[in-house]
Amino acid sequence: MTGITFQLKNVRRDKMCILTFLLPILAGLAVNLLSGINLSSVSETGFAAVKDSLTSDAVHWLRSMGRLEMYENRQSMETAVNQPASQLIGVIQNGDSLTAVLSGDELEVNTVIGNTLPKMYEERAALSSYEIDIVPGGSSDSLKPLLTAITMATALFMGCTFNAMNMINEKEEGIGFVNEVMPMTKMGYMLQKLSLGYIGAVLSAALTAFICIRISPDMIIPLLLVILLSAFLAALAGLFIGHFSDGLMSGIVCIKMVMILFLAPPVLFYLVIPEDSFLHTITYLLPSSAAFYGILDLINGYCGHMQEYILVLLLHSIIWLAAYLLMCRQRKS
Amino acid sequence: MRYVVFSLLKKDFRLMLASKFFLLALGSLILYSCYINLVYVRLDQEIYPVYLYDPMGVQSTASSAAIRSESAEQMHQACSDGYSVGIDASGRVPRIYMVSSGIRRTDNSRAAYAVSLLFPDSETKTVVIGTNTKEMKNRREITCEFLFFELSAVGFLGLASTLFKEKQMGVILVHSTLPVSQTYIVLSKLVLFLAADLIFAALLTLVNLGVSQGLSVLPAVMIQAGILSVVMALTGFFCAVCLQGFRQFSLLYLILAVFVTTPVFLAGQTGISWKWIRYHPMYHLFMALKNAYFGMKPAGNIYYAVCAAAVLSLFMLICRTLKHEMAKEG
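As annotated in an unreviewed UniProt entry, chain B carries the name ABC transporter permease and comes from Blautia celeris.

Labelled according to an unreviewed UniProt entry, chain A appears under the name ABC transporter permease, originating from Blautia celeris. Entered under Subcellular location (unreviewed entry) in the UniProt record, the comment concerning chain A runs "Membrane".

1. Quick notes on the overall build of chain A
The secondary structure content of chain A amounts to 14 helices and 5 strands. For chain A, buried positions account for 40% of its 333 residues. A fraction of 70% describes how many contacts in chain A between residues 6 or more apart in sequence connect residues 24 or more apart.

2. Quick word on the overall build of chain B
In terms of regular secondary structure, chain B is built from 11 helices and 5 strands. Along the first, second and third principal axes, the C-alpha set of chain B runs to 95 × 40 × 35 Å. Here chain B, with 330 residues, has 41% of them falling under the buried criterion. Contacts in chain B between residues far apart in sequence, at least 24 positions, make up 70% of those at least 6 positions apart.

3. As for the interface of chain A and chain B
On the side of chain B, 69 residues touch chain A, which itself brings 72 residues to the contact. Sort the elements by how many residues they give to the side of chain A that touches chain B and helix α5 (residues 108-122) of chain A lands first, with 11 residues. In terms of residue class, the side of chain A that touches chain B is built from 32 nonpolar, 27 polar and 13 charged. Where strand β5 (residues 131-135) of chain A meets strand β4 (residues 95-99) of chain B, 5 bridges bridge the pair, whose relative direction is parallel. Looking at the pairing, A:Glu131 lines up with B:Arg95 of β4(B).

4. Some words on unusual backbone geometry
In this structure, A:Asp52 is a non-glycine residue whose phi angle is positive, near 60 degrees. Along the polypeptide, A:Asp52 turns up in the loop between β1 (46-50) and α3 (56-65).

5. Details of the environment of A:Ile255
Residues and elements named next belong to chain A. By secondary structure assignment, the location of Ile 255 is in helix α11 (residues 248-272). We classify Ile 255 as buried; it has 26 C-beta atoms within 10 Å. A sequence separation of 18 residues divides Ile 255 from Ala 237, and the C-alpha atoms of the two residues are 9.2 Å apart. With sequence-adjacent residues up to four places away left out, Ile 255 is seen in contact with Thr 161, Ala 164 and Ile 241.

6. Describing the domain arrangement of chain B
As far as domains go, chain B holds domain 1 (2-42 + 132-329) and domain 2 (50-116). Relative placement of domain 1 of chain B and domain 2 of chain B: their C-alpha centres are 52 Å apart.

7. Topic: the pairing of strand β3 (residues 85-88) of chain B
Taken residue by residue, a regular strand's side chains alternate between the two faces of the sheet. Residue and element names in this part refer to chain B. Where burial is concerned, the two faces of β3 agree: the one with Val 85 and Ile 87 and the one with Gly 86 and Asp 88 are both buried. Of the strand pairs in this sheet, strand β1 (residues 50-53) and β3 are connected by 4 bridges, and their pairing is parallel. When the bridges of β3 are listed, Tyr 53 appears paired with Asp 88. Examined bridge by bridge, β3 and β4 share 3 bridges and lie antiparallel to one another.

8. A look at the nonpolar core
One finds A:Ala201, A:Ala231, A:Ala235, B:Phe237 and B:Leu289 to be the most contacted residues of the largest nonpolar core, which totals 122 residues. Excluding residues within four positions of it along the chain, A:Ala201 makes contact with A:Ala155, A:Leu156, A:Met158, A:Gly159, A:Ala231, A:Ala234 and A:Ala235. Core analysis: the second largest hydrophobic core is formed by 45 residues, A:Leu62, A:Val91, A:Leu98 and B:Tyr51 among them.

9. Details of the packing of helix α2 (residues 21-38) of chain B against helix α5 (residues 134-169) of chain B
All names here are of chain B. Contact pair α2 / α5: the axes reach a minimum separation of 11 Å and the direction vectors enclose 160 degrees. In terms of axis orientation, α2 runs roughly antiparallel to α5. Remark: the crossing between α2 and α5 carries right-handed chirality. Of α5, the residues touching α2 (which contributes Phe 21, Ser 28, Tyr 32 and Ile 36) are Arg 139, Ile 142, Thr 143, Phe 146, Glu 150 and Gly 158. Of the residues assigned to the contact of α2 with α5, the class counts are 5 nonpolar, 3 polar and 2 charged.

10. Comments concerning the UniProt feature "transmembrane region" (unreviewed entry) in chain B
All names here are of chain B. This chain's UniProt record puts "transmembrane region" (unreviewed entry) on residues 21-43, 146-164, 184-209, 221-243, 250-277 and 302-322. Across residues 21-43 one finds 78% helix and 0% strand; the C-alpha atoms that close the span lie 32 Å apart. End-to-end, the C-alpha atoms of residues 184-209 are 37 Å apart, and along that stretch the chain is 100% helix and 0% strand.

11. A few points about the UniProt feature "transmembrane region" (unreviewed entry) in chain A
All names here are of chain A. Here the UniProt feature "transmembrane region" (unreviewed entry) sits at residues 16-37, 146-165, 194-213, 219-241, 253-272 and 308-327. Taken as a whole, residues 146-165 contains 100% helix and 0% strand, while its terminal C-alpha atoms sit 28 Å from one another. Taken end to end, residues 308-327 has its terminal C-alpha atoms 28 Å apart, with 100% of it in helix and 0% in strand.

12. Overview of the environment of B:Tyr3
With respect to the helices and strands, the residue B:Tyr3 is situated in helix α1 (residues 2-18). Spatially, the C-alpha atoms of B:Tyr3 and B:Pro263 are 46 Å apart, while their sequence positions differ by 260 residues.

13. Quick word on the sheet that holds strand β2 (residues 67-68) of chain B
Within the open sheet, the 5 strands sit side by side as β5(A)-β4(B)-β3(B)-β1(B)-β2(B). Their pairing is mixed. The open sheet has two edge strands with one neighbour each: β5 of chain A together with β2 of chain B. Its contacts with the sheet put helix α4 (residues 104-116) of chain B on β5 of chain A together with β1, β3 and β4 of chain B, and the angle it makes with β4(B) is roughly 140 degrees.

14. Some remarks on the sheet that holds β1(A)
Spatially, the 5 strands line up as an open sheet ordered β2(A)-β1(A)-β3(A)-β4(A)-β5(B), and their pairing is mixed. Looking along the sheet, the strands with just one partner apiece sit at the ends: β2 (67-71) of chain A together with β5 (127-128) of chain B. As paired elements, strand β3 (residues 89-94) of chain A and strand β4 (residues 97-102) of chain A share 5 bridges and run antiparallel to each other. Residue pairing for β4(A): A:Gly90 is matched across the bridge by A:Val101. Against the sheet, helix α4 (residues 74-82) of chain A touches β1, β2, β3 and β4 of chain A, its axis set at about 160 degrees to β1(A).

15. Notes on the pairing of β4(A)
Hairpin connection of β3(A) to β4(A): 2 residues between the antiparallel strands, including A:Gly95 at a positive phi of 70 degrees. One ladder, built from 2 bridges, connects β4(A) with β5(B); its direction is parallel. The partner of A:Leu102 across the bridge, within β5(B), is B:Val128.

Procedures and definitions
Residues numbered from 1 in each chain as written. Chains lettered and ligands numbered in written order. Predicted model: local features only at pLDDT ≥ 70, side-chain atom pairs only at ≥ 80, totals over all residues. UniProt positions renumbered as here; feature names shortened; annotations may be inferred. Helix = DSSP H or I, 4+ residues; strand = E, 2+ residues; numbered from the N terminus. Buried ≥ 20, exposed ≤ 12 C-beta atoms within 10 Å, placed from the backbone. Contact = placed C-beta atoms within 7 Å. Nonpolar A, V, L, I, M, F, W, Y, C, P; charged D, E, K, R; others polar. Pairing = 2+ DSSP bridges. Domains from an automatic or database assignment. Core = buried A, V, L, I, M, F, W, Y, C linked by C-beta atoms within 7 Å. Axes fitted to C-alpha atoms, helices over the stretch in contact; angles between N-to-C directions. Parallel < 35°, antiparallel > 145°, perpendicular 65-115°, else oblique. Left-handed = near helix turned anticlockwise from the far one by under 90°.

Following this line, the structure appears as C-alpha cells:
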C-alpha cells in the first residue's frame, strides 16, 4: 500500500499525465455535443442532381429515399459523384424516367440501388398500393454509439500506455537496477505498476461513461464490471509491453501495434460479422472484442449477452495474468 | 565542414539503427500490407436481401434475386436483422414486412428496392463515369490512411526519440562544445528521417497499389509525403526539445494519434460535413495526400505557401530553442 502511495505521489507531480487521462473525458463531451450534427445522414443513400433538372415529383421521391444534394451544373455533380469519400448516386431526368450516374467504385448496396433506380422510380405507384409492416427496430444513429465506444476503449487504453511508458522509463533511467536491491518482491512491483494505470483507466472510462451513456439503473453494475475487467486487461497489456520493450522507440511501436489491434478489429467485427455466426464467437479470442461489444450493447440499451461478455473478460484476465506471472517466475529462475 | 556533416549523418544513422527504427518500419509495412490485402480490399456492404413468400406462385415476373421463403414465419425470421426485407405475396395485395433500420428514408429505400424486384428489368442503363474499381478505390483509400497515420504519428515520434536518447546520453552537452551550427544538427536528423519516410511511402504504395498503378501516382504521393514528414518531424522535434521526459512526449503522441487524426479520418473518409474541419491543419495535409493517391490535383498554391512558411518557422523556432537548451546545459 505504501508503494502505491509513493507511485501516486510521483504521478501527482506529472501534470501532463493527469491531463492525458482527462482527454478521453473531453472527447466524450465532444461526442456528446455531436447531437447537433445529423450523423445518421452518413448511413442514408445519397443522391446528387443538377439544380432544376428534375421534375418536382422526382425530387420529392428522391428526398423520400435519401438525402438529395443539388449542384450548379453537370460537371460539379460528376465531380461530387467521383469524390472518393462520397457514395453519391448521380441522377439525371430522362423523360419520365430517371437514369443513375455512378463512379463505378461504390459499395455493392449503392451500385445495385443505382442500377435499379429507374425501376424503383417507375414502380413507385405500385409501392404506394402495397401494405407495409414496419416493426420498430434499432437506433437511427449508429455512428454516435460507435464513436462513444471508441472513446471509452481509448480511455481504457490510456492505462496500458501509462503502465508501459512508466516501466520503460524506469528501465531507461536505471531505476530497474535500484529496484533489484530494494526490499520489494516482483509481485509487489507488479501490483504497484498495475494499480497506477488501472486506477487511471477506470476513473477515466467511468467519467467518460457518465458523460456519454444514458442507461437504466439495472445496467449500471454490468457496465461497471465491463469497465473494471477491461481496464485490468489494458493495464496488464501495458505490463507486457513494458516487460518486453528494451527501449523507448520499440515501446512506442509496440503500443501503436497493440492500440491498432485493441481498437480497429472490434470495430470491424462489429460492422462486418453477424452476431449469431461462429466467426463472432471466434472474435472473443481478442480481449478487446468482448469489452467493445459489451459497451456498445449497453449504449444501445441491450443487456442480453452481458453475462457472456463478462465471462469472456474474466477468463482473459485470469489467463493473461497467469501468463504474466509465469513469465516473471521463469525469468527469476 | 563536409566531414562534420558526414559525421553527423553517420552518427544519426547509427542512432536510428540502434533504436531498431528500420526493423520497426519494416514490421509496420508488413502489418499494414497484410491488413490491406487480406481484409480491407474484401470489405463491402451487400444489398438488402429480399425474401419472397409466394405460396400460390402469383409473382411470376419476380427477379431471381428475391430469395424464396417456405413460410411466413421463415420470412419473418430472416428479416429480423433490421436489414433484410420480406414480401408476403400470400394475400390479394402483397405486403412488405421489415424491421426498421431506425432511419425512415433508408426504410423507404429498402421497400422500394424490394418492390422493384417483383417487376421485369427496366431498359434504362446506368452511366459509369469513374475509372476506379471498388477494389482499387479501397486500396488507394486505406494505403493513404495508413501512410498518413504512419507519417503523422511515427514521423512525429521518430526524430524526437533520437533527440531524447541524445539528451539522456549527454550528447546535447557535447554538441554545445563542438564547432557545429544547430542548423546542421537539425538538418542531419531531418534528412535521414525524410529519406526513411519517403522509402517507406514508396514501398507501401507499390506493394499495395501494384507497380503500374503505384508508379503513376508515386511522384505526387512522394511530394505530399515529404511535406507531411517534414512538418511532423519538425513538430515532434520541437515538442521533444521543450518537454522534459519521454513519458510526457509519448502521451502527447497518443493524443495526436487518437484525437487529432480521428476527426480528420472521419471527415475525409465518410463525407461527414463539419464546417470547422477546414481550420484543422492536418485535414488539409490529409486531403492533399488523398488527392495525390486518387490522381487528382493535390492542392493549390496557397497550400504550398502555407506549408513552406510552417516548415521555415518551425525550423527557425527549433534552432533557437536548441541553442537556448545548449546554453542551459552549459
